[in-house]
Amino acid sequence: MTTPRFGLLLDVDGPVASPVSRTVPPGIINHLVQLASAGWPVIFNTGRSDDFIRKQVMEPMIAAGLSAETTLHAICEKGAVWFSFTGSGAGEVQVDSALALPETYADAVRQLVASKYRGHMFYDETKRAMVSVEQHVDVDNADYLREQQEFDTDALALMRKFDLGVCRLDHHAPDSDDSIDYRIDPTIISTDIEALGVGKDLGARRALSLLADAGTEVPHIWRTVGDSRTDYAMADELHALGYDVAHVDVRPADGVPAKPYPVLTAGDRIHEDAGGAYFERWAAMAAGQAADDDGVS
């Protein structure tokens, strides 16, 4: 086994899984297997559920030849849920119950979707802590985004009904100075309703703990990969902790913020096409077939 070159902390929707098909291209699966097998720590840091990671990432990686001796970690629901897996399958799923939304509110959102929004979106029954609603694959994204705005308003109103303090990541201020415990986070294909304690920064800290608990040497050099502004929190956290980090933004059209660490892009390529270009480059580096740099042309 080679000495780990980089630690990889990866958002899933966008850089790994297509936000259109919600599946992972076989080429990316193969490159991730190569990287993990070469001893590069590969950790998924996602808002997705453990069920999604098992079906769309773990099972295809096992089918592609992931060995029983190779361990990967998955931090799901932005740090509220996590588990590890090898070529033999998944370990026990851990849930931070303090970060779970009240079941009464979750039930109310489930009923709201069924009665008013089922034509455009569905309630994600696989989430264990957060409440998520997602666009149907066969619905046009522009139509979904228009409907999403109304859903987010209704979800916010339900928060008031249940006397839950809430804010929105799109900077809508709360109506009062009451304690705020939760937030509404709309993405291009979903809305996550989550505890304020979750986030990609929490996921980064859990990643370091999982490596340490497994007895894996924690690398000093990291590459984080994401497709939204909130994904920069992974690199922010690692940089603040003293690690050498660069962030790969696979959707830079949203705007690249000024950061104290390098921000990498893949030219005109976006989403899984951009992520795949980097995974291919890093797999070649791990195999000793490419120079020690991040260049993607």
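Residues numbered from 1 in each chain as written. Predicted model: local features only at pLDDT ≥ 70, side-chain atom pairs only at ≥ 80, totals over all residues. Heavy atoms only, no water.

(A) Geometry of the overall build of the chain. When you go through the chain residue by residue, the secondary structure sums to seven helices and 14 strands. Principal-axis analysis of the C-alpha atoms gives the chain an extent of 60 × 40 × 40 Å. Put simply, the chain has 297 residues, and 52% of those count as buried. Of the contacts formed within the chain by residues at least 6 apart in sequence, a portion of 61% connects residues at least 24 apart. Per element, the accessible surface of the chain, about 12,800 Å² overall, is 49% carbon and sulfur. Side-chain charges in the chain split into 25 positive and 47 negative, and the spacing between the mean points of these groups amounts to 2 Å. (Helix = DSSP H or I, 4+ residues; strand = E, 2+ residues; numbered from the N terminus. Buried < 20%, exposed > 50% of the residue type's maximum accessible area, 1.4 Å probe, protein only. Contact = heavy atoms within 4.5 Å. Areas by Shrake-Rupley, 256 points an atom, 1.4 Å probe, with all protein chains shown as cover. Lys, Arg positive; Asp, Glu negative; His and termini not counted. Charge placed at Lys NZ, Arg CZ, Asp CG, Glu CD.)

(B) Fine view of the pairing of strand S4 (residues 81–86). Burial within S4 is extensive, with five of its six residues counted as buried. Alignment of strand S3 (residues 72–76) against S4, held across five bridges, turns out to be antiparallel. Looking at S4, one finds that Cys76 is bridged to Val81. Where S3 folds back onto S4 in an antiparallel hairpin, the turn is made up of four residues, including Glu77, whose phi is positive at roughly 50°. With two bridges connecting them, S4 and strand S6 (residues 94–95) associate as antiparallel partners. Within S6, the position partnered with Trp82 by the bridge is Gln94. Here two bridges tie S4 to strand S5 (residues 89–90), and the two strands are oriented antiparallel to one another. (Pairing = 2+ DSSP bridges.)

(C) Layout of the pattern of salt bridges. Across all of its chains, the model carries 26 salt bridges by this definition. As a salt-bridge pair, Asp227 and Arg251 come within 3.1 Å of each other at their nearest N and O atoms. With Asp227 in the loop between strand S12 (221–226) and helix H6 (232–240) and Arg251 in the loop between strand S13 (244–249) and strand S14 (263–264), this pair connects stretches of sequence that are 24 residues apart. On the basis of relative accessibility, which here comes to 13%, the residue Arg251 falls in the buried class. Between Asp254 and Arg229 there is a salt bridge whose closest N-O contact spans 3.7 Å. With a gap of 25 residues between them, Asp254 in the loop between S13 and S14 and Arg229 in the loop between S12 and H6 connect regions that are remote in the sequence. For Arg229, a relative accessible area of 28% puts it in the partly exposed group. The network of salt bridges with shared partners includes Lys78, Lys127, Arg183, Asp185, Asp192 and Glu194. (Salt bridge = Lys/Arg side-chain N within 4 Å of Asp/Glu carboxyl O.)

(D) Up close: the side chain of Asp50. Inspection of the secondary structure puts Asp50 in helix H2 (residues 50–63). Beyond its immediate chain neighbours, meaning those up to four positions away, Asp50 contacts Cys76, Val81, Phe83, Val93, Thr126 and Arg128.

(E) Geometry of the confidence of the model for the chain. Per-residue confidence for the chain gives a mean pLDDT of 93; residues scoring 70 or more make up 93%. pLDDT under 50 marks residues 171–178. Its contacts with residues more than four places away, or in other chains, come to three contacts. (pLDDT = per-residue confidence, 0-100.)

(F) Structural view of the packing of aromatic side chains. All told, the structure shown has seven aromatic pairs when counted by the stated rule. Geometrically, the ring pair formed by Phe6 and Trp40 is edge-to-face, given 5.2 Å between the ring centres and 65° between the ring planes. With Phe6 in the segment before strand S1 (7–10) and Trp40 in the loop between helix H1 (26–37) and strand S2 (42–45), this residue pair connects regions lying 34 residues apart in the sequence. Residues Phe83 and Phe85 carry aromatic rings whose centres are separated by 6.0 Å and whose planes lie at 35° to one another, so their mutual orientation is tilted. Taken individually, Phe83 and Phe85 each receive the classification buried, so the pair is uniform in this respect. The cationic tip of Arg48 hangs over the ring face of Phe52; the distance from NZ or CZ to the ring centre is 4.0 Å. (Phe/Tyr/Trp six-rings, centres within 6.5 Å; stacked < 30°, edge-to-face > 60°. Lys NZ or Arg CZ within 6 Å of the ring centre and 35° of its normal.)

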